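# What the coordinates show
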Amino acid sequence: MTVRLTTDHSHLKIGKLDVTIRPISIDDQNIEAEFVKNLSAQSKHNRFMEGIRELSPSMLKKMCDIDYVNNMAYIATIEEDGNEIEIGVCRYVNGKQKNEREMALVVADKYQHLGIGTELFNHLYVHARANCIKRLYSIDLRSNTKMHKFAQSVGMKMELDPEDDALVIYSIEPC
């Protein structure tokens with residue numbers, strides 16, 4: 001059974017922040033571009049495992065044009081001076097096997113350690129479960145201690161990547 005949760009918006013109070021968590025859309029390319037551009041070099045390196053400065057137009061389109069089943073993304077946004085600002089994203093894309101998806105999570109440096117990543121992950125997890133995704137996994141740098149702590153906190157299992165000892169694979173089974 002395939003479930004499309006396209007109107008799944010949550011409005012949360014996290015500390016003093018009014019945060020909206022919602023599916024990303026093709027119209028979010030500008031705020032996604034600004035979000036990535038404003039990440040620290042370390043956060044970009046942890047997320048993309050390379051030194052990118054900003055996303056190309058084709059990469060932006062790919063990251064924002066989701067089908068809600070094989071690839072899904074939730075963003076966390078706040079309103080600042082009348083503008084919607086993206087402060088985090090958690091996504092999955094097709095994995096190596098039919099019923100698994102590779103996921104990624106990143107929260108803007110200024111907003112880390114507030115629970116935003118956990119909220120984003122929970123939305124993605126519920127969506128994966130509703131779509132009977134058997135496994136969500138994330139391939140991360142072994143040196144990414146923030147992801148290690150996060151993965152442990154949400155119950156993900158960790159294994160060393162058999163092909164690259166600088167990487168680890170975190171996984172969880174929603175369905």
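Analysis parameters
- Residues numbered from 1 in each chain as written.
- Predicted model: local features only at pLDDT ≥ 70, side-chain atom pairs only at ≥ 80, totals over all residues.
- Heavy atoms only, no water.
- Core = buried A, V, L, I, M, F, W, Y, C linked by side-chain atoms within 4.5 Å.
- Buried < 20%, exposed > 50% of the residue type's maximum accessible area, 1.4 Å probe, protein only.
- Contact = heavy atoms within 4.5 Å.
- Helix = DSSP H or I, 4+ residues; strand = E, 2+ residues; numbered from the N terminus.
- Salt bridge = Lys/Arg side-chain N within 4 Å of Asp/Glu carboxyl O.
- Pairing = 2+ DSSP bridges.
- Axes fitted to C-alpha atoms, helices over the stretch in contact; angles between N-to-C directions.
- pLDDT = per-residue confidence, 0-100.
- Parallel < 35°, antiparallel > 145°, perpendicular 65-115°, else oblique.
- Left-handed = near helix turned anticlockwise from the far one by under 90°.
- Nonpolar A, V, L, I, M, F, W, Y, C, P; charged D, E, K, R; others polar.

## A few points about the nonpolar core
Core analysis: the largest hydrophobic core is formed by 49 residues, its most contacted members being Met103, Ile116, Leu120 and Phe121. Those residues in contact with leucine 120, other than ones at most four positions away along the chain, are Ile21, Tyr74, Ile75, Ala76, Gly88, Val89, Cys90, Leu105 and Val107. The next biggest cluster of nonpolar side chains, apart from the first, holds five residues, and it includes Tyr137, Ile139, Leu141 and Leu167.

## Some words on unusual backbone geometry
Of note in the backbone geometry, histidine 113 takes a positive phi value of approximately 70° without being a glycine. With respect to the element layout, histidine 113 can be found in the loop between strand S5 (100-107) and helix H4 (116-130). For cysteine 132, which is not glycine, the phi dihedral falls at a positive 55°. Within the element layout of this structure, cysteine 132 appears in the loop between H4 and strand S6 (135-141). The class of cysteine 132 is partly exposed, set by a relative accessible area of 32%.

## Some words on the environment of leucine 12
Mapping leucine 12 onto the fold places it in strand S1 (residues 10-14). With 64 residues separating them in the primary sequence, leucine 12 and alanine 76 have C-alpha atoms 9.8 Å apart. Residue contacts for leucine 12: discarding those within four places in its chain leaves Leu17, Asp18, Val19, Ile21 and Glu119.

## A closer look at the pattern of salt bridges
Here the structure, examined in full by the defined rule, presents six salt bridges. For the salt bridge of aspartate 28 with arginine 22, the shortest nitrogen-to-oxygen distance reads 2.8 Å. Classification of arginine 22 as buried rests on a relative accessible area of 9%. Several salt bridges share partner residues, and in doing so they unite Arg22, Asp28 and Glu84 into one network.

## Remarks on the sheet that holds S5
Spatial strand order, S1-S2-S3-S4-S5-S6-S8-S7: eight strands in an open sheet with mixed pairing. The outermost strands of the open sheet, each flanked by one partner alone, are S1 and strand S7 (157-160). Strand after strand, the sheet turns through a mean of 30° between neighbouring axes, direction not considered. Direction of pairing for strand S4 (residues 83-94) relative to S5: antiparallel, over a ladder of seven bridges. Its bridge partner lying in S5, asparagine 94 is registered against arginine 101. In the packing of helix H1 (residues 29-38) onto the sheet, contacts are made with strand S2 (17-23), strand S3 (72-80), S4 and S5, and the angle to S4 comes to roughly 90°.

## Comments concerning the confidence of the model for the protein chain
Scored by pLDDT, the protein chain has a mean of 91; 95% of the residues are at 70 or more. The least confident element of the protein chain is helix H2 (residues 41-48), whose mean pLDDT is 81; the most confident is S3, at 97.

## Some points on the packing of H1 against helix H3 (residues 57-64)
Relative orientation of the contacting elements H1 and H3 amounts to 115°, with a least axis distance of 10 Å. Relative to H3, the element H1 is oriented roughly perpendicular. Our pair here, H1 against H3, has a crossing hand that is right-handed. Counting all contacts with H1, which are made through Gln29, Glu32 and Ala33, the residues of H3 involved are Pro57, Leu60, Lys61, Met63 and Cys64. Each residue belonging to the contact of H1 with H3 can be placed in one class, and the counts come to five nonpolar, one polar and two charged.

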